[in-house]
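# Survey of secondary and tertiary structure
The primary structure of each chain is shown beneath.
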Amino acid sequence: MIHLLRIYNKNFWKSIFGPLITFLLPITFIWLIVSIYTFTYNYNPISLSSATIPTVIFTCSYIILLILLPQAIFEIKDSILIKQLKTSSIKLWHVLLVGWIYYSCMAVIAFFLSIISSIITPEKFVIEQTLKMYSQTNWWILLFVLFLNICMGGSFGTMIASVLKRSSTINMIGVSVIFLSLLLGGLMVPIMIASEQLPVVWYASYFDFIRYGTTQAYEALYSVPSKFNVFGSNMFDVSTPYEAFATDLVPIKFTILREHDKILNLSIPYLSTIVFTLVSVKTFKI
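Residues numbered from 1 in each chain as written. Predicted model: local features only at pLDDT ≥ 70, side-chain atom pairs only at ≥ 80, totals over all residues. Heavy atoms only, no water.

The element strand S4 (residues 253-257) is largely enclosed, with a buried count of 4 among its 5 residues. Two elements, strand S3 (residues 242-245) and S4, share 4 bridges in a ladder whose sense is antiparallel. Paired with Phe-245 across the strands is Lys-253, a residue of S4. (Buried < 20%, exposed > 50% of the residue type's maximum accessible area, 1.4 Å probe, protein only. Helix = DSSP H or I, 4+ residues; strand = E, 2+ residues; numbered from the N terminus. Pairing = 2+ DSSP bridges.)

As structure tokens, then:
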């Protein structure tokens, strides 16, 4: 398996896209989103970063798992070296597992770079707001949410690499899922606002598996009673809805996660990971 790890590492660094997406995109993307959702209200600066950052910090990780990972698996399984290794003790599922582990590590790096970038944004008053958010964060639950999203994204990435036979199709599926999630899963359009103000987007988001993982970050980041978690609810308490105000200045309360939403959030990530993984193992061939 060490040989496979070296192959994946070489594959990652031989292209400029892997390092750029992992190390540079988290910074530029977070700063872009903060700039888009920062404006003036009654001559006061206002930012919707509190509504966007909880889900946006997962964007680059999903790009790695849904685009870079399946492309790497496809290229490696079609290489001459892998066909030679096939005669050794390496099993087919080792190719999937090592790729999943390697790119999951890159996804974790991108995740924490996104968190750091949200603290050092050019908008100074946003920094104070973001630091306040992180002071309320239950980091153990946030890490658990990260683990769930990596499992879900990684299993989907390995599945499309196993099922599809053409590199262009794999890229198209990965990019399409990312694009839809930017709109529906809260990766760019705040799911907090969509729940009340954009009903079409909200109901369409139920068809996006990513939203069931990313929206759990709200209650992890805002783990104590505050304007951003009115009842102090947590992801494991399905009977208490998650309600919050989008900003400090605008007194509009949103109901983001109701009981059925929280039940789906606790079940879909596990079910989808199991299904995606089983399909990957059953269909993967060299």
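Read on, since the account is not over.
On to helix H2 (residues 17-36), then. Compared with an ideal rise of 1.5 Å per residue, which puts 20 residues at 28 Å, H2 spans 25 Å between its outermost C-alpha atoms and falls more than 12% short. Of all bends in H2, the biggest is about 50 degrees, found at Leu-25, and the proline Pro-26 comes one to four residues later. Gly-18, Pro-19, Ile-21, Thr-22, Pro-26, Phe-29, Ile-30, Ile-33 and Val-34 are the residues of H2 that are buried. (Expected span 1.5 Å × (residues − 1). Bend = angle between axes of the 7 residues up to and from the residue.)

Locating Glu-196 in the fold gives a position in helix H10 (residues 191-197). Ignoring sequence-local partners within four residues, the contact set of Glu-196 consists of Phe-254, Thr-255 and Arg-258. (Contact = heavy atoms within 4.5 Å.)

This structure, assessed with the given rule, holds 17 aromatic pairs. Both rings, one in Phe-156 and one in Phe-276, keep their centres 5.2 Å apart while their planes meet at 70 degrees; by these two values the pair is edge-to-face. Taken together, the residues span a long stretch of sequence, with Phe-156 in helix H8 (residues 139-163) and Phe-276 in helix H14 (residues 259-283) at a distance of 120 residues. For the ring pair Phe-209 and Phe-276, a centre distance of 5.5 Å and an interplane angle of 75 degrees mean the geometry is edge-to-face. Here Phe-209 is found in the loop between helix H11 (199-204) and helix H12 (211-214), whereas its partner Phe-276 is found in helix H14, with 67 residues between them in sequence. (Phe/Tyr/Trp six-rings, centres within 6.5 Å; stacked < 30°, edge-to-face > 60°.)

Let's shift gears to the pattern of salt bridges. Under the criterion given, the structure shown has 2 salt bridges. A salt bridge links Asp-261 to Arg-211, with the shortest nitrogen-to-oxygen separation between them at 4.0 Å. Of this pair, Asp-261 sits in helix H14 while Arg-211 sits in helix H12; the two residues are 50 residues apart in sequence, bridging distant segments of the chain. There is no split in this pair, since Asp-261 and Arg-211 are both buried. (Salt bridge = Lys/Arg side-chain N within 4 Å of Asp/Glu carboxyl O.)

Turning our attention to the confidence of the model for the chain. Scored by pLDDT, the chain comes out at a mean of 86, with 92% of its residues at no less than 70. Per-element confidence in the chain ranges from a low mean pLDDT of 58 for helix H5 (residues 80-85) to a high of 94 for H8. (pLDDT = per-residue confidence, 0-100.)

Turning to a nonpolar patch on the surface, a few remarks are in order. Residues Met-1, Trp-93, Leu-97 and Ile-101 make up a contiguous nonpolar surface patch of roughly 380 Å² in combined accessible area. Exposure remark for Leu-97: the relative accessible area of 31% places this residue in the partly exposed category. (Patch = residues over 30% accessible without salt bridge, like charges linked within 9 Å, V, L, I, M, F, W, Y side chains within 5 Å. Areas by Shrake-Rupley, 256 points an atom, 1.4 Å probe, with all protein chains shown as cover.)

So, on to the packing of helix H4 (residues 59-77) against helix H9 (residues 167-184). For the pair H4 and H9, interaxial distance at closest approach is 9 Å and the crossing angle is 170 degrees. Comparing their axes, H9 and H4 come out roughly antiparallel. On H9, the residues that touch Thr-59, Tyr-62, Ile-63, Leu-66, Ile-67, Pro-70, Gln-71 and Phe-74 of H4 are Ser-167, Ile-170, Asn-171, Gly-174, Val-175, Val-177, Ile-178 and Leu-182. (Axes fitted to C-alpha atoms, helices over the stretch in contact; angles between N-to-C directions. Parallel < 35°, antiparallel > 145°, perpendicular 65-115°, else oblique.)

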